Structure formats: C-alpha cells, structure tokens
Amino acid sequence: MSSLAEDENDRYRAPALDKGLDILELLAAVDGGLTQAEIAKRLDRSTNEFYRMLDRLVKRGYVTRIDGDRFALTLKLFGLAQLHAPVRRLVSFAVPLMRELAESSRQANQLVVFDRGYPVVIAQQEAPGYWGISIRVGSRISLFDTGSGHVLLAFHSKEEREMMIAENLGSSGDQGKVTPEFLARLDQIRARGYEMMPSAQTAGVINLSAPVLGADGKAIAALTTPYITLINAPGAPDITNSIHLVVETARKLSELAGADVGTRG
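Read on for a plain summary of the structure. Here the structure is a predicted model, which means the values were calculated and not measured.

This part is about the overall build of the protein. For the protein, the count of helices and strands is 10 helices and eight strands. Burial statistics for the protein: of 265 residues in total, 43% are counted as buried. Long-range contacts, defined here as pairs at least 24 residues apart, represent 55% of the contacts in the protein between residues at least 6 apart. Of the accessible surface of the protein, which amounts to about 14400 Å², a share of 52% is contributed by carbon and sulfur atoms.

In structure tokens form, the structure reads like this:
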C-alpha cells in the first residue's frame, strides 16, 4: 500500500476509540479474561496506556473485573445486538408460530431474550379465549424466579452463566440466590430440554418454558406459556400436552434461527 493510501486511511483516526476497540476485540477472543499487564503485552503497548480506557469500559458496563485483577467482557455488547435487526427478524419468525401455539394450547405465550442483565419480553401472544395471563412487551422480568430466566441461563456455558448473573446482580454482589441447588436445577433443565415451575409472581400459574436455540446451540430466547387450568373448556390440552406444544414450537423456531436441533421431547 502506498504512503498516500495509508495517509488517506489514517486521516480520520481516533486513537482512543481504536484503543477501546482493540481491548474489546482481544477480550472477545479469550476465555477467563486477562490482566491489565497481559492486555498491554498482547497489544504491544505500555500498561499505563490502558488504565483509563479499562476503567471507562468497566464503568460503562462493557468489561467487568473477575478474580480481582482480571478483565473480561460482559454481555452488554450481546444485549445491544439483541435490540438490533436480528431481534426484529426473530419476532417476525416467531409471531405466526406463537399464534399457532396459543390456538392449540388455549394459553397465552411470550418470547423473552436476555438484555443487559435481565430477561426482556420482546413478543406476546394473547390466549384465544376469555382467560389468560399476559405480560407487556418490553417488560424486564426476574432472571432467578421465572421459567424464562432459568431457560436462558441453562442453555449457556458455565462461564456465560456467571457473566449473566454478575451483570444482573451488578454492584450489589448479592450471590444469595446462586446456590448449588439453583445451579443443579439449571443443569436439569438443560438435560430435559425445558422448565416447568410454579410462578413466583402469580398463584395458580405454572411457567412452561423452552429454549429457542441459535446455530451454536445456545439459547437466543425463551418461549414461555404461563399455564393456567381452564375450567369448562372441552378439548383444552392438559399441562403435559401443553409443555409438549411449547417445546415443539420452540424447536421449530430454533430451526428457523439456524439451529440443528433434531427432535426433542
């Protein structure tokens, strides 16, 4: 490349932005994080050059400290990406299937993604009859006390779960809900392919949740039916048949999202 072309390419250089992007790209390529000295060494810069930049990335939530002196990416970039075109595309694929699920199950259902520390409802389908449980699109719900939150955690790696939990807890650092029993439950959910749990918010509701998987086998969303027992509704599926309908709908949506999921029960 000629010096003229190099000068043209460098005309609008922003050294601070380049430095921040270098850090993000480096941390995205490693597991377990890096110390400030390791970051400087890999990028062939002095340690002092990165101190202020790392501090700002931590304060803005793109990077977090782990094990005291190591830095790792949070899921904030992932969350921002979820709000972009892929989410709109996912919703456009999901809406017809969610409508079919509502008709066949006689229940409402919702689609939930993880965004900046919380499960967020991105699509909602009302029940076809008079009765059903609905939740407003855009609502942030609990990561620990909902079927959607459990599924989103269960279908990620151990390291990603830890990052999602840390992002949810923020500066409080309250790890009280992250018990061995809770982590074991996530493994059980992953093994059976769905969550079935009483609602922690509404009496008489059972959350039936299944993962929508991406091409990498990780949950990009959770499909959840807040199941209620319908009285005087001949032909309405019972809870066992309803969870099968939820799982099958999530499987179809996973295929549309590019996942190789085969047949799940």
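So much for the structure itself; the text now carries on.
The next thing to look at is unusual backbone geometry. Backbone geometry places arginine 106, a non-glycine residue, at a positive phi of 65 degrees. In this model, arginine 116 sits at a positive phi of 50 degrees, which is unusual for a non-glycine residue. Mapped onto the fold, arginine 116 is located in the loop between β4 (109-115) and β5 (118-125).

The next point concerns the nonpolar core. Of all hydrophobic cores here, the largest spans 22 residues; its most connected members are Leu90, Leu111, Ile122, Val212, Leu223, Val246 and Leu253. Looking at this core, the elements that each hand over two or more residues are α6 (85-105), β4, β5, β7 (206-213), β8 (219-227) and α10 (239-256). Once residues within four sequence positions are removed from consideration, valine 212 is found in contact with Leu90, Leu111, Lys218, Ala219, Ile220, Ala221, Leu223, Ala250, Leu253 and Ser254. Leu143, Val151, Phe182 and Leu213 belong to the second largest nonpolar core, which has 21 residues in total.

This next bit is on the packing of helix α2 (residues 15-28) against helix α4 (residues 48-59). Contact geometry for α2 and α4: axes closest at 10 Å, N-to-C directions at 70 degrees. In terms of axis orientation, α2 runs roughly perpendicular to α4. Contact residues: Ala16, Lys19, Gly20, Ile23 and Leu24 in α2; Glu49, Phe50, Met53, Leu54 and Leu57 in α4. Taken together, the residues of the contact of α2 with α4 break down into seven nonpolar, one polar and two charged.

Next up on the list: the sheet that holds strand β2 (residues 63-66). In space, the three strands of this open sheet follow the order β1-β3-β2, with antiparallel pairing throughout. In this open sheet, the two strands that pair with only one neighbour each are β1 (34-35) and β2. As defined by bridge partners, β1 adjoins strand β3 (residues 70-73) across two bridges and the pair is classed as antiparallel. Looking at β3, one finds that threonine 35 is bridged to arginine 70.

Ordered by their spatial adjacency, five strands build an open sheet running β5-β4-β8-β7-β6, and the pairing between neighbours is antiparallel. The open sheet has two edge strands, β5 and β6 (195-198), and neither has a second partner. Ignoring which end each strand starts from, the neighbouring axes of this sheet average 30 degrees apart. As defined by bridge partners, β7 adjoins β8 across eight bridges and the pair is classed as antiparallel. The partner of proline 211 across the bridge, within β8, is alanine 222.

Looking now at the packing of aromatic side chains. A ring pair, where both rings are aromatic, is described by two values, the distance of the centres and the angle of the planes. Enumeration according to the criterion identifies one aromatic pair in this entry. Taking 5.6 Å as the distance between ring centres and 55 degrees as the angle between the ring planes, the aromatic pair formed by phenylalanine 144 and phenylalanine 182 counts as tilted. Linking phenylalanine 144 in the loop between β5 and α7 (147-154) with phenylalanine 182 in helix α9 (residues 180-192), this pair joins segments that are 38 residues apart in sequence. When the ring centre of tyrosine 194 is taken as origin, the NZ or CZ atom of arginine 192, which lies over that ring, is 5.4 Å away.

Criteria and thresholds
- Residues numbered from 1 in each chain as written.
- Predicted model: local features only at pLDDT ≥ 70, side-chain atom pairs only at ≥ 80, totals over all residues.
- Heavy atoms only, no water.
- Helix = DSSP H or I, 4+ residues; strand = E, 2+ residues; numbered from the N terminus.
- Buried < 20%, exposed > 50% of the residue type's maximum accessible area, 1.4 Å probe, protein only.
- Contact = heavy atoms within 4.5 Å.
- Areas by Shrake-Rupley, 256 points an atom, 1.4 Å probe, with all protein chains shown as cover.
- Core = buried A, V, L, I, M, F, W, Y, C linked by side-chain atoms within 4.5 Å.
- Axes fitted to C-alpha atoms, helices over the stretch in contact; angles between N-to-C directions.
- Parallel < 35°, antiparallel > 145°, perpendicular 65-115°, else oblique.
- Nonpolar A, V, L, I, M, F, W, Y, C, P; charged D, E, K, R; others polar.
- Pairing = 2+ DSSP bridges.
- Phe/Tyr/Trp six-rings, centres within 6.5 Å; stacked < 30°, edge-to-face > 60°.
- Lys NZ or Arg CZ within 6 Å of the ring centre and 35° of its normal.

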